[in-house]
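Secondary and tertiary structure notes
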Amino acid sequence: MGFSYDELTVKHPCFAKGKKGNTGRIHLPTSPGCNIECRFCDRQINDFERRPGVTSTIITPEEAIDIIRRSLEMCQAITVVGIAGPGDTLATPYALETFRLVKREFPQLIKCMSTNGLLLPDKAEEIIEVGIDSLTVTVNGVDPEIEAKLNGGITYHGKYYGGVEGAKILIANQLEGIRRIASAGITIKVNTVLVPGINEHHIGEVARAVREAGASIYNIIPLVPQHELAHCQAPTCQQTDSARQQAEPYIDVFRHCQRCRADAIGVPGGEDFGDKIYLKRISHK
Ligand code: SF4
Ligand code: SF4
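This write-up is about the structure you can find in this document. (Residues numbered from 1 in each chain as written. Chains lettered and ligands numbered in written order. Predicted model: local features only at pLDDT ≥ 70, side-chain atom pairs only at ≥ 80, totals over all residues. Heavy atoms only, no water.)

This part takes up the sheet that holds strand β9 (residues 159-162). Sheet strands associate in pairs through backbone hydrogen bonding, adopting either a parallel or an antiparallel arrangement. Here we have three strands laid out as an open sheet, ordered β2-β8-β9, and antiparallel in their pairing. Strands at the two margins of the open sheet, each flanked by one partner only, are β2 (36-38) and β9. The sheet shows a mean angle of 20° between the axes of neighbouring strands, taken without regard to direction. One ladder, built from four bridges, connects strand β8 (residues 151-156) with β9; its direction is antiparallel. Of the residues in β9, the one forming a bridge with T155 is Y160. (Pairing = 2+ DSSP bridges. Helix = DSSP H or I, 4+ residues; strand = E, 2+ residues; numbered from the N terminus. Axes fitted to C-alpha atoms, helices over the stretch in contact; angles between N-to-C directions.)

Attention now moves to the pattern of salt bridges. Evaluation of the coordinates by the stated rule reveals 14 salt bridges. For E228, the salt bridge goes to R39, with nearest N and O atoms at 2.8 Å. Of the two residues, E228 sits in the loop between β11 (217-222) and α8 (237-247) while R39 sits in the loop between β2 and β3 (44-45), which places them 189 residues apart along the sequence. Residue D241 is joined to R255 by a salt bridge in which the shortest nitrogen-to-oxygen separation is 4.0 Å. Taken as a pair, D241 in helix α8 and R255 in the loop between β12 (252-254) and β13 (265-266) lie far apart in primary sequence, 14 residues in all. Its relative accessible area of 32% is what places D241 among the partly exposed residues. Owing to a relative accessible area of 32%, R255 belongs among the partly exposed residues under this scheme. Through salt bridges with shared partners, a single ionic network connects R69, R104 and E105. (Salt bridge = Lys/Arg side-chain N within 4 Å of Asp/Glu carboxyl O. Buried < 20%, exposed > 50% of the residue type's maximum accessible area, 1.4 Å probe, protein only.)

What surrounds ligand 2 is the set C14, R25, H27, K189, N219, C257, Q258, R259, C260 and P268. Partitioned by chemical class, the residues of the shell around ligand 2 number four nonpolar, three polar and three charged. (Near = heavy atom within 4 Å. Nonpolar A, V, L, I, M, F, W, Y, C, P; charged D, E, K, R; others polar.)

In this section: the state of the cysteines. For the structure shown, the criterion picks out zero disulfides. Take C112: it sits in no disulfide, and the sulfur closest to it among the cysteines is that of C14, at 6.8 Å. (Disulfide = S-S within 2.5 Å.)

Of note in this structure, H227 is not a glycine but carries a positive phi near 55°. In this structure, H227 sits in the loop between β11 and α8. With relative accessibility at 45%, the residue H227 sits in the partly exposed group. In this structure, R259 is a non-glycine residue whose phi angle is positive, near 50°. Along the chain, the position of R259 falls in the loop between β12 and β13. You can call R259 partly exposed: its relative accessible area is 28%.

Following this line, the structure appears as structure tokens:
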């Protein structure tokens, strides 16, 4: 058994319930591909943008081990090895392969994985067996009509499902996956990208549904307007606050998200060692 929720609230910077934590994380950009089409997603390989879905490079599971070693020398605050893209961690096998190596080489580090949840029911056994300590699932809506406004479609078991049809499968798999993983004792955080005019009044429902499924903590990520949702407004502080208030009756809320890059290294919000560590093998724009 890995770390309990109470332990993670102290040792994992993104599971802190109250004040901002001072522990750090390494994001390993091992997972380039994705199986869904979030309308706000703009994955990029570059060195300058500070937001999710951006990385300087893609690395292999073997390269990840060397990167962890060098990162730990540079930043002693690191307690967590996380994989958050730049695509989905379950769309390709590399994230779970990497965590197997991490478990062997750095058993003291918390293994943290983020996913859109489409393949969670399929991969639940493997996630449990690999020993993931904390899982983040991004659930942007639990109503298929709302989710379809945020996500164009999914590719699932080799077939494409668009709009509401795809959204129904995605939501069912996210909630079923959360149930399976939570019942194995793994702590789950849910992220929701807050999009004014689309899901801003739906947050309470999402929080209630994911809490019922077994999630422990909830994180609202304000939209970075881009791609098909470039015309949307980023939420104001007031809108973000009101969304958190909708969630709070149901679930603990994490309030210190820094919307990190997929290759960030260090304490979230502090110095980023990522650009000193990652090889700039591919760089454009
Ligand atoms: Fe982009 Fe992540 Fe959505 Fe995939 S799940 S489309 S990588 S935001
Ligand atoms: Fe933590 Fe938010 Fe950064 Fe993810 S994006 S590592 S939840 S602070």
